[in-house]
Amino acid sequence: RAKEKGRNSYQFFAADMNARAYEELLMSKALRDALNERQFVLHYQPSVSLQDYRITGVEALVRWVHPEQGLIPPSAFVPLAERNGLIGELGQWVFSEACRQAAEWRSMGLPPLRVAVNVSARQFNRRRLVAELSEVIAKSGMVAADLHLEITESMMMENPKRALTTLREVAEMGIDIAVDDFGTGHSSLSYLKDFPIHFLKIDRSFVMGLPEDEDALAIVRAIVAMAHNLNLKVIAEGVETAAQRDLLAAIGCDEAQGYFFSRPRRADDVIKLLRNGKPLP
Ligand code: C2E
Ligand code: MG
Ligand code: MG
Ligand code: MG
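This section reports on the structure supplied with the text. (Residues numbered from 1 in each chain as written. Chains lettered and ligands numbered in written order. Predicted model: local features only at pLDDT ≥ 70, side-chain atom pairs only at ≥ 80, totals over all residues. Heavy atoms only, no water.)

### Comments concerning the pairing of strand 8 (residues 233–236)
Alignment of strand 7 (residues 199–202) against strand 8, held across 4 bridges, turns out to be parallel. Within the sheet, the bridge partner assigned to Ile 202 lies in strand 8 and is Ala 236. Where strand 8 and strand 9 (residues 255–257) come together, 2 bridges link them in parallel fashion. Note that in strand 9 the partner of Ile 235 across the bridge is Glu 255. Taken together, strand 8, helix 11 (residues 242–250) and strand 9 form a β-α-β motif whose crossover is right-handed. (Pairing = 2+ DSSP bridges. Helix = DSSP H or I, 4+ residues; strand = E, 2+ residues; numbered from the N terminus. Right-handed = clockwise from strand over helix to strand, strands pointing away.)

As structure tokens, then:
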């Protein structure tokens, strides 16, 4: 296509490709340095029970604390880390930091708190995942049952046999598994009955349309009904309004997470919430 438009646009195209490749290279190097210098922090977003609006757990969400650019969101570097192979090391850091934090919260005499950690595709496919997990848990002194892993449908479908083996080993350790962004992957539902899964997290894109969008509502209702028939719990992601909260509670969704209750916050802010012990809005 570029050729049709003549040589000039081809050159622009090539220059653009080079610029992007160069930028990716620079970012990769910066990320490498950031890992060496531990320029990362975990923020934690609470989830609440839709029965009593008390905190059931938190989801660990990684941020890059860039010396010049400040906090960089995971969308700007997790995919890059997947491409350049740094995700293994980054994921290891996330695991150990989340487990260390979970153990610390336990030691403060706070009520047991589930800590959910996101696992990326490449990290999930590492042969050493289970060994690394048990190492990190043992070292941190945390209770394995406090840990949850969030994985996506596509991660299970890429190599279902292997995923099943991995998930069985993880579940054996007492770690619960949540399917993140549920409803957005184009995969068969059959894995839900074969895989050791404990939670479905309804993707924000469905919650966003509530309460007006009747199609979104129909889908959310169907997910909740199916999950309950399979003995799974449901967490709604991205709840931003009281109307969404009330509707989700009315249709029997178990838990919710979203800016309406709390944005992701620093660990010391989480302690304040837990100490306070009050239900969230
Ligand atoms: P996710 O696991 O689906 O996490 C939920 C994302 O939605 C978070 O964005 C959270 O801040 C945001 N969110 C929560 N409530 C609301 C809401 O009410 N409205 C809106 N608009 N957004 C809300 P964040 O922290 O930027 O993370 C984005 C994604 O990056 C995560 O999606 C997850 O897939 C990935 N990620 C985050 N931390 C990690 C990590 O440690 N490891 C890996 N592999 N991936 C991570
Ligand atoms: Mg998640
Ligand atoms: Mg999600
Ligand atoms: Mg999502």
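Having put the structure on the table, let's press on.
### Examining a negative patch on the surface
A surface patch of like charges, here negative, comprises Glu 212, Asp 213, Glu 214 and Asp 215. With respect to the helices and strands, the residue Glu 212 is situated in the loop between helix 9 (204–208) and helix 10 (214–229). (Patch = residues over 30% accessible without salt bridge, like charges linked within 9 Å, V, L, I, M, F, W, Y side chains within 5 Å. Areas by Shrake-Rupley, 256 points an atom, 1.4 Å probe, with all protein chains shown as cover. Salt bridge = Lys/Arg side-chain N within 4 Å of Asp/Glu carboxyl O. Lys, Arg positive; Asp, Glu negative; His and termini not counted. Charge placed at Lys NZ, Arg CZ, Asp CG, Glu CD.)

### Topic: the site of ligand 1
As a structural note, the neighbourhood of ligand 1 is formed by 21 residues, with Arg 63, Asn 118, Asp 180, Glu 240 and Tyr 259 the closest of them. Between ligand 1 and Asp 180 there is a distance of 2.8 Å, counted from an oxygen atom to a side-chain nitrogen or oxygen. Between an oxygen atom of ligand 1 and a side-chain N or O atom of Asp 181, the distance comes to 3.2 Å. Look at ligand 1: alone it shows 800 Å² of surface, and the protein chains cover 80% of it. Mapped onto the shell around ligand 1, the elements with two or more residues apiece are strand 2 (55–66) and strand 6 (176–182). By residue class, the composition of the shell around ligand 1 is 8 nonpolar, 5 polar and 8 charged. (Near = heavy atom within 4 Å. Polar contact = N/O pair within 3.5 Å; in protein donor to acceptor, adjacent residues only side chain to side chain. Nonpolar A, V, L, I, M, F, W, Y, C, P; charged D, E, K, R; others polar.)

### Thoughts on the packing of helix 5 (residues 129–140) against helix 7 (residues 160–172)
Running from N to C, helix 5 and helix 7 cross one another at 15 degrees; their axes reach a closest spacing of 10 Å. Classified by the angle between their axes, helix 5 and helix 7 sit roughly parallel to one another. With respect to the hand of their crossing, helix 5 and helix 7 are arranged in right-handed fashion. Each of Leu 129, Val 130 and Leu 133 in helix 5 lies in contact with helix 7, whose residues at this interface are Thr 166, Glu 169 and Val 170. (Axes fitted to C-alpha atoms, helices over the stretch in contact; angles between N-to-C directions. Parallel < 35°, antiparallel > 145°, perpendicular 65-115°, else oblique. Left-handed = near helix turned anticlockwise from the far one by under 90°. Contact = heavy atoms within 4.5 Å.)

### Overview of the coordination of the magnesium ion (ligand 3)
At 1.8 to 2.7 Å from the magnesium ion (ligand 3) lie its protein donor atoms, namely Asp 180 (OD), Asp 181 (OD), Glu 237 (OE) and Glu 237 (OE). In the primary structure, the donors to the magnesium ion (ligand 3) are separated according to the pattern D-D-x55-E. For the pair the magnesium ion (ligand 3) and the magnesium ion (ligand 2), the metal-to-metal distance amounts to 3.8 Å, and Asp 180 bridges them. For Asp 180, a relative accessible area of 7% translates into the label buried. Overall, Asp 181 belongs to the partly exposed group, its relative accessible area being 26%. (Donors = N, O, S within 2.8 Å, 3.2 Å for Na, K, Ca; no water. Buried < 20%, exposed > 50% of the residue type's maximum accessible area, 1.4 Å probe, protein only.)

### Details of the coordination of the magnesium ion (ligand 2)
Taken together, the protein donors to the magnesium ion (ligand 2) comprise Glu 59 (OE), Asn 118 (OD1), Glu 150 (OE) and Asp 180 (OD), at separations of 2.0 to 2.2 Å. Along the chain, the residues donating to the magnesium ion (ligand 2) are arranged with the sequence spacing E-x58-N-x31-E-x29-D. A relative accessible area of 6% means that Glu 59 is categorised as buried. On the accessibility criterion, Asn 118 (29% relative accessible area) is partly exposed.

### Description of the side chain of Asp 203
Mapped onto the secondary structure, Asp 203 falls in the loop between strand 7 and helix 9. Buried charged residue Asp 203 carries no salt bridge. Nearest counter-charge: Arg 204, at 6.5 Å. Residues within four places of Asp 203 in sequence aside, it is in contact with Asp 181, Phe 182, Thr 184 and Glu 237.

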